[in-house]
Every structure is written in C-alpha cells, then in structure tokens.
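Chain and residue survey
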Amino acid sequence: MSVSEEPETLSNILKKGEVPADQPIQNDDGSLNLANQQALVHCGRCSSYFMACACEMDGHGIDSVITGAPDPRVDAKPIELLRRWASLMVLIPTLYQFDSKAYVEEDGPALSKALEESGSKVVEMTEAYIKMNHPVTDQIAKMFESWKLPLSEAPKQAVHDELRASTRAFIKGDFACVTKIGRVMINNAFQMCDQSKYSMNDLKLQVMFVVLNVLDQVMSIEFTAPYQFLSMEAYRSESVIAKQFWDKYTSEET
Ligand SMILES: [Zn+2]
C-alpha cells in the first residue's frame, strides 16, 4: 500500500494556499473524520482543487473526485469500506441530499454480509456477461473511442477491464472506486444472467442488486460524459482508464 500520495497531495494543496484545518483521520471502523475537509475535493476534469477550478460545469460539484484521505486498510472488510464511502459522500455537493451515513448504518451490515458471502457470484455473472459479448459493451467501447481516452489497450479490452475493476471494487464494498460505467455493466450482468443459476430469490443477490439501483439513483448526476470512467477516489481505482487519465492530468502542471 502506498501512502506517499497523501503528503504530496497536501503539499500541493498548501502550495495553492488552501490550508486544511485538520488532517483527515481514519477511524478504526473504516469511517473518516472529514469535518471541514473540502480541501480534499478536486475537479475530475482538470485535477485542480475544487474551489480553484475554472472548468465550465453544469452544476456545483459535478465531476468531482476526492484525493488525500488516508488509504483504507489493505484487508478492510466491506462494512469498513462502505463507511469510508459514506464519509466521502458527504463532501460531494451534488450528493448532499442522500444521507449516506444513515443508509450504511441501516443497510450496511446485511449488504456487507452479502458482498462477503456471495460477491464471488457477481464475479461469475460479470465474467459470463463478458463472454456473452453483449451489444452494450460494444456501445461503451465506441463511447471510449469517441471520448478519445488515453487507452493503452483495444477499446473492447478496456471495457472488459473496466467492468472487472469495478466488480472487484463493488464486491469489496469499495464503492468509492466503482465507476458509473462499471456500475451500468454490473447492473446489466445481473439482468442478463442465467436465472436458473443465479436466482433473484437468492436474498444476498437481491440485496446487491438493490444497492446497485440505489447507487444509480443517488449518483446518476455525479459524473457527466466523458468523465464516467472516473470514480469518487479515482487515484485508488484499479480501473486502467481511470488511473491513466488521473495520472496524465495530475502529472501535468494545470
Ligand atoms: Zn476543473
């Protein structure tokens, strides 16, 4: 686990004259103490500190990402990562209306159990979906091409890798690293799966399917095209595209 980004990010913030009141703190239960930590919010388009960004946005806080929170524990349980996500949600202005902390408090334990015990089924479903070569994946590959993303691999392969990275993050409860595009494809994988093998009468599958729809509703406006391959904590994402994009922009002086 790399922890070198944190002081670097903070020093960048300090260079820009924005001094956070306190360092962000990670609690033992995985949640974050982020009171007055708006300094962690950055523009996902240009990587500038959120308040210093000059991008033309359609709304306050759209396409925002968060950098500089302490890394989660390597072997963090889903419930810990869900609490982290809930803590981060509070920082994104477009998502203020959703009480993420109350949601995780209430539904988190059952969801965490479902992810731990049946997450492997979601991996199977998404692998079957990849094999199916569904037209939606072709459409997304075309979108990737039209967005002129810095792809290091064939667009179709990038789509599959995106789905796999988002699936790994999803079943860990690491929702801050699930991209919108990944979420759409996981949702499709649920809908297209072999119902005789993965019955929706399976309560754990139901719980995971429900949360996908909750995420879709509350986070639908979070990222606009062509930034839908970013996630809330894009720098931690295993998504090749999110990482390439983020590394490219953060390595350049903006
Ligand atoms: Zn910007």
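Overview of the structure.

Some details on the overall build of the protein chain
Each helix and strand in the protein chain was counted, giving eight helices and four strands. Start at the N end of the protein chain and walk to the C end: the helices and strands fall as α-β-β-β-β-α-α-α-α-α-α-α. Residue burial in the protein chain is summarised as follows: out of 254 residues, 52% are buried. Residue pairs at least 24 apart in sequence account for 66% of intrachain contacts in the protein chain once pairs closer than 6 positions are excluded. A total of about 12,000 Å² of accessible surface is found on the protein chain, and carbon and sulfur atoms cover 52% of it.

As for the coordination of the zinc ion
Around the zinc ion, the protein contributes the donor atoms Cys-43 (SG), Cys-46 (SG), Cys-53 (SG) and Cys-55 (SG), which lie 2.3 to 2.4 Å from the metal centre. In this structure, the zinc ion is surrounded by four donor atoms whose angles at the metal cover 99 to 123 degrees, and the resulting shape is tetrahedral. In primary-sequence terms, the residues that donate to the zinc ion follow C-x2-C-x6-C-x1-C. In terms of burial, Cys-46 and Cys-53 fall into one category: buried.

Digging into the pattern of salt bridges
Within this structure, the stated rule accounts for 16 salt bridges. Between Asp-29 and Arg-83 there is a salt bridge, with its nearest N and O atoms 4.0 Å apart. Linking Asp-29 in the loop between strand E1 (25–26) and strand E2 (32–33) with Arg-83 in helix H2 (residues 78–89), this pair joins segments that are 54 residues apart in sequence. Of the charged contacts, one joins Arg-168 and Glu-238 as a salt bridge, the two residues approaching to 2.6 Å between their closest N and O atoms. Residue Arg-168 is located in helix H5 (residues 155–172), and its partner Glu-238 is located in the loop between helix H7 (203–219) and helix H8 (240–251); the two are separated by 70 residues in the primary sequence. Classification of Arg-168 as partly exposed rests on a relative accessible area of 37%.

Considerations on the nonpolar core
Among soluble globular proteins, nonpolar side chains are generally buried collectively. Trp-85, Phe-144, Phe-170, Phe-175, Met-208 and Met-232 are the most contacted members of the largest nonpolar core, which totals 66 residues. Within the residue set of this core, elements represented by two or more residues are strand E4 (64–66), H2, helix H3 (100–132), helix H4 (135–146), H5, helix H6 (180–192), H7 and H8. Per-element accounting of this core gives the leading share, nine residues, to H3.

So, H6
Between the first and last C-alpha of H6 there are 18 Å, a value that for 13 residues agrees with the 18 Å anticipated at 1.5 Å per step. Here H6 lies mainly inside the structure; ten of its 13 residues are buried. Of all the positions in H6, only Lys-180, Ile-181, Gly-182, Arg-183, Met-185, Ile-186, Asn-187, Asn-188, Ala-189 and Phe-190 are classed as buried.

Considering the packing of H5 against H6
In the contact formed by H5 and H6, the axes pass within 8 Å of each other and the chain directions differ by 85 degrees. Our classification of the angle between H5 and H6 gives roughly perpendicular. On H6, the residues touching Val-159, Glu-162, Leu-163, Ser-166, Thr-167 and Phe-170 of H5 are Ile-181, Gly-182, Met-185 and Ile-186. Grouping the amino acids of the contact of H5 with H6 by side-chain chemistry returns six nonpolar, three polar and one charged.

Observations concerning the environment of Ala-169
Relative to the elements of secondary structure, Ala-169 occurs in helix H5. Sequence separation of Ala-169 and Pro-78 is 91 residues, and the distance between their C-alpha atoms is 9.7 Å. Setting aside residues up to four positions removed in sequence, Ala-169 forms contacts with Asp-174, Cys-177 and Val-178.

Criteria and thresholds
- Residues numbered from 1 in each chain as written.
- Predicted model: local features only at pLDDT ≥ 70, side-chain atom pairs only at ≥ 80, totals over all residues.
- Heavy atoms only, no water.
- Helix = DSSP H or I, 4+ residues; strand = E, 2+ residues; numbered from the N terminus.
- Buried < 20%, exposed > 50% of the residue type's maximum accessible area, 1.4 Å probe, protein only.
- Contact = heavy atoms within 4.5 Å.
- Areas by Shrake-Rupley, 256 points an atom, 1.4 Å probe, with all protein chains shown as cover.
- Donors = N, O, S within 2.8 Å, 3.2 Å for Na, K, Ca; no water.
- Tetrahedral: all angles 85-135°; square planar, octahedral: opposite > 155°, others 65-115°.
- Salt bridge = Lys/Arg side-chain N within 4 Å of Asp/Glu carboxyl O.
- Core = buried A, V, L, I, M, F, W, Y, C linked by side-chain atoms within 4.5 Å.
- Expected span 1.5 Å × (residues − 1).
- Axes fitted to C-alpha atoms, helices over the stretch in contact; angles between N-to-C directions.
- Parallel < 35°, antiparallel > 145°, perpendicular 65-115°, else oblique.
- Nonpolar A, V, L, I, M, F, W, Y, C, P; charged D, E, K, R; others polar.

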